[in-house]
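# Observations on the model geometry
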Amino acid sequence: MKEKLEIIRELLANNQEIDASKIHILMLDLFKTQFKGLHVENYIGDYPTFIEPVYLGDKVKLGDDVLLGPNVYIGKNSEIGDYVQLTNSIIFDNVKIGANINLENCIVAKDSSLNFNNPNIKNCIIIGKADSEEDLKKISFSI
Amino acid sequence: MSDKEEREIQRFMELDSNKLTKGKERELAIQIEEDIMNQNEVLADQINQEFKKYNIKSIDIVGAIGAGKTAIIEKILEKLASKYRILVICGDVTTRVDANRIEKHNVESIQINTGRECALNAYHINQIIKNKDLNNYDLIIIENVGNLICPSDFILGTDKRVTIVSITEGEWVIEKHPMLFKMSDVAVINKIDLAEILETDVDKMINDAKKINPNIQVITTSAKTGKNIDKLIEIFGLEN
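One structure accompanies this document, and this report is about it. None of these values were measured; they are calculated from a predicted model.

Each value, and the rule that gives it
Residues numbered from 1 in each chain as written. Chains lettered and ligands numbered in written order. Predicted model: local features only at pLDDT ≥ 70, side-chain atom pairs only at ≥ 80, totals over all residues. Helix = DSSP H or I, 4+ residues; strand = E, 2+ residues; numbered from the N terminus. Rg over C-alpha atoms; globule rule 2.2 N^0.38 Å. Buried ≥ 20, exposed ≤ 12 C-beta atoms within 10 Å, placed from the backbone. Contact = placed C-beta atoms within 7 Å. Pairing = 2+ DSSP bridges. Nonpolar A, V, L, I, M, F, W, Y, C, P; charged D, E, K, R; others polar.

### Focus: the overall build of chain B
Looking only at helices and strands, chain B features 9 helices and 7 strands. The C-alpha atoms of chain B give 18 Å as radius of gyration, which agrees with the globular expectation for 240 residues (18 Å, within 12%). Along the longest, intermediate and shortest principal axes, the C-alpha atoms of chain B span 55 × 50 × 30 Å.

Below, the structure written as structure tokens:
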């Protein structure tokens, strides 16, 4: 899994030329071939809802009433706010997802943050920080 | 079932969170509760259509912690794992103890941890099946979160709902949980091997289930000795 994640990570690092469809295909392949049997070992937080497969890196913080899965990867040191729902999504390291956001079929690059009131975000790659819907348009790529 | 008993069950069903609210808040709480139930039923119906489309048999197994739900599933898997392509979905508030037990039978299992919720609902199941190729399965067994109260609020869209109780829960356990038996197709009284030692009135338990739901099929089993597991498989409409 690490190798395939690294390929996606490198593609995201080149944010001048994002090949969204290629990244999307890699993500779907990852879910299909690498996620079987993944389950949660450790996290910081209350009792969230998990639908396997879900993988959480070290020191992931989860808020209240969070729902994760199926097919969710969250990298180390990321923070997930209260009432967040994540499905079929990859969240890389050091990401902050604000409260009550619903991400489906999305990839969030490392060090990104989302902190505004827009519960439903689907089918996109997010690279950077957004405090409003306007901000999000500037840092997201449709897949 | 008498009108009085019907009213009593209805009253139990209404004794929920909305009783903590007043006036307009109460109206809103009732409306939200109704909306949630309706949405669950719509989704459960869609799930059932999907299962039928792919010719998948499906069973929702409900019962208290320690009743023997996982043990009975394991006994069934011993007999059916080589004949059916099976997916077992295990619901628990936390831990993956049950999924680990199921996986030892070389059957695919998915654990759902419900956290603060005390039952699986149709949304949980739909999230799984919409991400699976249903061509790969003949049988889906869902083991619900262990208790005899919350699962009565949420149907999951399965062909059959089976409620398992055990002799060790006492002979009043069925009488005290009418809602679940009212909406179940099969009642299993497990750990029958202990009935004599514990002097449990098994006939009373069977009669209680039949009184609450005249259409329910009642069977006594022992996951420990394997007693009546074949009969249970037959009741499920599966070939042993």
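### Looking at the overall build of chain A
Tallying secondary structure elements over chain A gives 3 helices and 15 strands in all. Its C-alpha atoms give chain A a radius of gyration of 14 Å, near enough to 15 Å, the size a compact globule of 143 residues would have. The principal-axis extent of the C-alpha atoms belonging to chain A is close to 40 × 35 × 20 Å. The 143 residues of chain A split such that 38% are buried. Here the analysis covers contacts within chain A between residues at least 6 apart in sequence; of these, 14% occur between residues at least 24 apart.

### A look at the sheet that holds strand β1 (residues 44-45) of chain A
Residues and elements named next belong to chain A. In space, the 6 strands of this open sheet follow the order β1-β4-β7-β10-β12-β14, with parallel pairing throughout. In this open sheet, the two edge strands, each paired with only one partner strand, are β1 and β14 (129-130). Examined bridge by bridge, strand β10 (residues 96-97) and strand β12 (residues 113-114) share 2 bridges and lie parallel to one another. Within β12, the residue paired with K96 across the bridge is S113.

### Some thoughts on the interface of chain B and chain A
The partner chain A presents 12 residues to the 15 residues of chain B that form the contact. Sorting the residues of the side of chain B that touches chain A by element identifies β3 (108-113) and α5 (122-129) of chain B as the ones contributing at least two each. The element that contributes the greatest number of residues to the side of chain B that touches chain A is β3 of chain B, accounting for 4 residues. Class assignment of the residues belonging to the side of chain B that touches chain A gives a composition of 4 nonpolar, 8 polar and 3 charged.

### Section: the pairing of strand β13 (residues 120-126) of chain A
All names here are of chain A. Two elements, strand β11 (residues 102-108) and β13, share 6 bridges in a ladder whose sense is parallel. Opposite N102, over in β13, you have N120 as the bridge partner. Here β13 runs beside strand β15 (residues 140-142); their pairing, made up of 3 bridges, is antiparallel. Within the sheet, the bridge partner assigned to I126 lies in β15 and is S140.

### Topic: the pairing of strand β5 (residues 160-166) of chain B
All names here are of chain B. Counted residue by residue, β5 has 6 buried out of 7 residues, so it is predominantly covered. Sheet topology note: the strand β1 (residues 57-63)/β5 ladder contains 5 bridges and is parallel. If you follow I61 over to β5, its bridge partner there is V162. Taken together, the 5 bridges between β5 and strand β6 (residues 186-190) define a ladder with parallel strand orientation. Pairing of V165 across the sheet is with I189, part of β6.

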